[in-house]
Each structure stands twice: as C-alpha cells, then as structure tokens.
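Listed here are the chains, written in short residue letters.
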Amino acid sequence: MARDLVSGGGLPPDSGEHSPDGGGLPRDVVNGGGLSPDEVREHRAGAVSVWLLAVPGAEEWARTGPRHLDAAEHERMRAFRREADRVRYGFAHSALRAVLALCTGREPAALRFVRQDCPSCGGPHGRPALEGAGPAFSLSHGGDLVAIAVAARAVGVDVEPRPRPRTVAEVASALHPGERARIEAAGGDEERAAAFARLWTRKEAYLKGVGTGVGVDLAADDLRTAPAGWRVVDLPVVEGHAAAVAVRGASPCVCTVRPAPAPWAGRDVLADRFPRHG
C-alpha cells in the first residue's frame, strides 16, 4: 500500500483513473511532506494538492474557534442548529482560508470569494473562485473530514461518510444504470454502501469541478470511468469515509496529499498512516 501511495508516477496512458473497486490505493496519489509556498503556487498542469483534515471535537473547537472568517461566513455558521454542523462548517472554511493564503501569499482574512457563471444556465452560482488572480480550488466537508483541493485548472473534491442502507436505496435509483449495476453487484448492505460512497464522491467531485453541482441529471454521466476531458482519482481516507478529486484535462494527474498548514487546529489524517514522500 505505501509503495503505491508514494510512487508519484502518474497514471499509465490507458488507465483513465483508479477504478472504484480495484482495491489498494491509487498509483497517482503522493503523500507529500512539507513544501514551500513557492512550490504550492507553481502548480503544473495536472498537479493537484489535496489537504485532508479531521474535524476537531467541540471542546478543542471551543479553545480555538473560527479563524479569519468574514461576516457572511460567521452568519452562515451560526445558522446551523446542531453544534457539530457549526464546528464542521467553521473549521472547513477557516481551513480553506489558511490553505489559500499559503497558495497565494495573501492574508487569510483578506481573501474574497466570487461565484463563476453556471455552465448550465449562466447564473452566478457556478464554481467558487478567488476574487482576482489565484488557483482553482474546491472544498468539501462530510462526516469527520474536510477535504480541500487546489490546482491550476478546474478541480472538484468531495468527501462523504459512508451512507446508511436506506440512503443508498433511495438515491441510487437516480444514478446512471452502470453505476446502479455496480452498487447492486457489491453484495451486502455494507458493501453496497461502500460502493455507493465511492461512486457518489467521484460524481460530486466531477460536477463540482464542472461547476453545476448535483442539481443536474445524475444519470447523465457514468463515473465508473472519467468523463472525456477529465481525470477522476479516488483518495485514501479513514475508515467509514470515501473521497475523490476530479481535475479538468485528459493528461495524467498527480494528487499530492499535503500536511495541514501550521499552526493549525486539526490533524493531518494520513500523517500517522503513510510515509512521507521526498
């Protein structure tokens, strides 16, 4: 497993991506050690940096609290009824600002966000972007994890907890027939939930990268393989979760899992599991 994780050799020309049920870890994921800001800012075509962070508990969050959020983000955070949801949202958006500050050299609190035009309807609710110059990025938070992806071109990331069997039964019917067949062939409830989570994170990462989100026909694309002009990669995460990243471009991509920007209230969830590369 570790050998596959740290190889960093990219994908063979005909592989397309790491198969959702191929076993092991994707050959195009590197567990990156520390890096300088210049290294982060100079993303090559096809290079994706991913930060995977564990959401802190309520007591830890009470000691640190949100960092650098603007008024709209504070208001959105307070709107959540459940404390766990407030912590997850505040931590995720604080982490995003810390990562993008590292990637741009700007102050976290000075970052301003805009929405690009939706590719389906042209409305101002497409991919989030930095105001002014900056890399493409994507944020996801689900269960106990936060995922942030940064790249030179359109990118989407998604992380989800493994769903309950009822959720699988209700949502799977909206997916592509090939995806439904993959889930149904997985075996028992746990196996079907794991297969669903892998396919769903791939689909949502792709749709976030495109800029439409999941408000489209979910049966239109079969995410067992990458859509034309995109690469989709499964990410190794902790038990009970699934994650994937999608980046625009047909050439092989290398995803580098980065350690959390220090100092930061959160731990790199892969730090104790896999050796560093480089």
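Because the structure is a prediction, the values reported are computed rather than measured.

### Brief notes about the confidence of the model for the protein
Overall, the prediction assigns the protein a mean pLDDT of 77, with 73% of residues at 70 or greater. Across the protein, helix α4 (residues 71–79) holds the top mean pLDDT of 95, while helix α1 (residues 2–6) sits lowest at 22. For the stretch residues 1–35, pLDDT sits under 50, and the model shows 96 contacts to residues farther than four places along the chain or on other chains. A low-confidence stretch, residues 264–278 stays under pLDDT 50, and its non-local contacts, those more than four residues away or across chains, total 51 contacts.

### Some remarks on the packing of aromatic side chains
Where two aromatic rings form a pair, the distance of their centres and the angle of their planes describe that pair. Taken as a whole, this structure holds five aromatic pairs when the rule is applied. Aromatic pair phenylalanine 113 and phenylalanine 137: ring centres 5.8 Å apart, planes at 70°, arrangement edge-to-face. Within this pair, whereas phenylalanine 113 is found in strand β3 (residues 113–115), its partner phenylalanine 137 is found in strand β5 (residues 136–142), the two being separated by 24 residues in sequence. For phenylalanine 113, a relative accessible area of 26% gives the class partly exposed.

### Some thoughts on the packing of helix α7 (residues 177–184) against helix α8 (residues 189–210)
The contact between α7 and α8 brings their axes to 8 Å, and the two run at 150°. Classified by the angle their axes make, α7 and α8 are roughly antiparallel. Here Glu179, Arg182, Ile183 and Glu184 of α7 lie close against α8, whose contacting residues are Arg192, Ala195, Phe196, Leu199 and Lys203. Here the residues of the contact of α7 with α8 sort into four nonpolar, no polar and five charged.

### Considering the pattern of salt bridges
Close approach of charged atoms allows side chains of opposite charge to pair. Inspection of the entire model under this criterion finds eleven salt bridges. Between arginine 82 and aspartate 85 there is a salt bridge, with its nearest N and O atoms 3.0 Å apart. Among the salt bridges present, the one from glutamate 170 reaches arginine 166, with a minimum N-O distance of 3.0 Å. Here glutamate 170 and its partner arginine 166 are both found in helix α6 (residues 165–172), four residues apart, which amounts to about one turn of the helix. Assessed through its relative accessible area of 63%, arginine 166 is described here as exposed. Three or more residues joined by partner-sharing salt bridges are found here, namely Asp70, Glu73 and Arg97.

### Structural notes on helix α5 (residues 83–104)
Taking 1.5 Å of rise per residue, 22 residues should cover 32 Å, and α5 covers 32 Å from first to last C-alpha, within 8% of that figure. With 18 of its 22 residues buried, α5 lies for the most part within the structure. Of the residues trailing α5, glycine 105 is marked for its positive phi of about 80°.

### Focus on the packing of α4 against α5
With their axes 8 Å apart at the nearest point, α4 and α5 run at an angle of 155° to one another. By the angle class used here, α4 and α5 are roughly antiparallel. Seen along the crossing, α4 lies across α5 with a hand that is right-handed. On α5, the residues touching Glu73, Arg76, Met77 and Arg78 of α4 are Arg86, Tyr89, Gly90, His93 and Arg97. The class makeup of the residues in the contact of α4 with α5 is two nonpolar, two polar and five charged.

### A short note on unusual backbone geometry
Of note in this structure, histidine 68 is not a glycine but carries a positive phi near 70°. Along the chain, histidine 68 turns up in the loop between α3 (58–64) and α4. We classify histidine 68 as partly exposed; its relative accessible area is 38%.

### Structural notes on the nonpolar core
Membership of the largest hydrophobic core comes to 21 residues, with the highest contact counts inside it found for Leu100, Val146, Ile148 and Val150. Residue assignment for this core shows that the elements contributing at least two residues are β2 (47–54), α5, β5 and β6 (145–151). Broken down by element, the residue count for this core peaks at nine residues, all from α5. Those residues within four positions of leucine 100 in sequence are excluded, and the remaining contacts are Leu111, Phe113, Leu130, Phe137 and Val150.

Reading the values: rules and limits
- Numbering of residues begins from 1 in every chain and follows the order in which that chain's sequence is written.
- Under the rules for a predicted model, residues below a pLDDT of 70 receive no local features and side-chain atom pairs below 80 are neither given nor counted, while totals for whole chains, interfaces and linings still include all residues.
- Values reported for side chains reflect all heavy atoms of the structure, with hydrogen atoms and water molecules removed beforehand.
- Think of pLDDT as the predictor's per-residue confidence, scored from 0 to 100.
- Each helix is a run of H or I in the DSSP string that is no shorter than four residues. Each strand is a run of E no shorter than two, and both are numbered from the N terminus.
- Residues count as neighbours in contact if any of their non-hydrogen atoms are within 4.5 Å of one another.
- Centre distance within 6.5 Å is the pairing criterion for rings of Phe, Tyr and Trp, where only the six-membered ring of Trp is used; planes under 30 degrees apart are then read as stacked, over 60 as edge-to-face, and the remainder as tilted.
- Each residue gets one of three labels from its accessible area relative to the maximum for its type: buried under 20%, exposed over 50%, partly exposed in between, using a 1.4 Å probe on protein chains only.
- Axes here mean lines fitted to C-alpha atoms, for a helix over just the part in contact, with angles spanning 0 to 180 degrees between N-to-C directions.
- Each angle is binned into one of four classes, with values under 35 degrees roughly parallel, values over 145 roughly antiparallel, values of 65 to 115 roughly perpendicular, and all other values oblique.
- Each residue gets one of three labels, nonpolar for Ala, Val, Leu, Ile, Met, Phe, Trp, Tyr, Cys and Pro, charged for Asp, Glu, Lys and Arg, and polar for the others, Gly among them.
- The rule for a salt bridge is simple: a side-chain nitrogen of Lys or Arg has to be within 4 Å of a carboxyl oxygen of Asp or Glu.
- A helix is expected to span 1.5 Å multiplied by its residue count minus one.
- Each helix crossing is assigned a hand: it is left-handed if the near helix lies turned anticlockwise from the far helix by less than a right angle, otherwise right-handed if that turn is clockwise.
- Buried Ala, Val, Leu, Ile, Met, Phe, Trp, Tyr and Cys residues that are joined via side-chain atoms within 4.5 Å together make up what is termed a nonpolar core.

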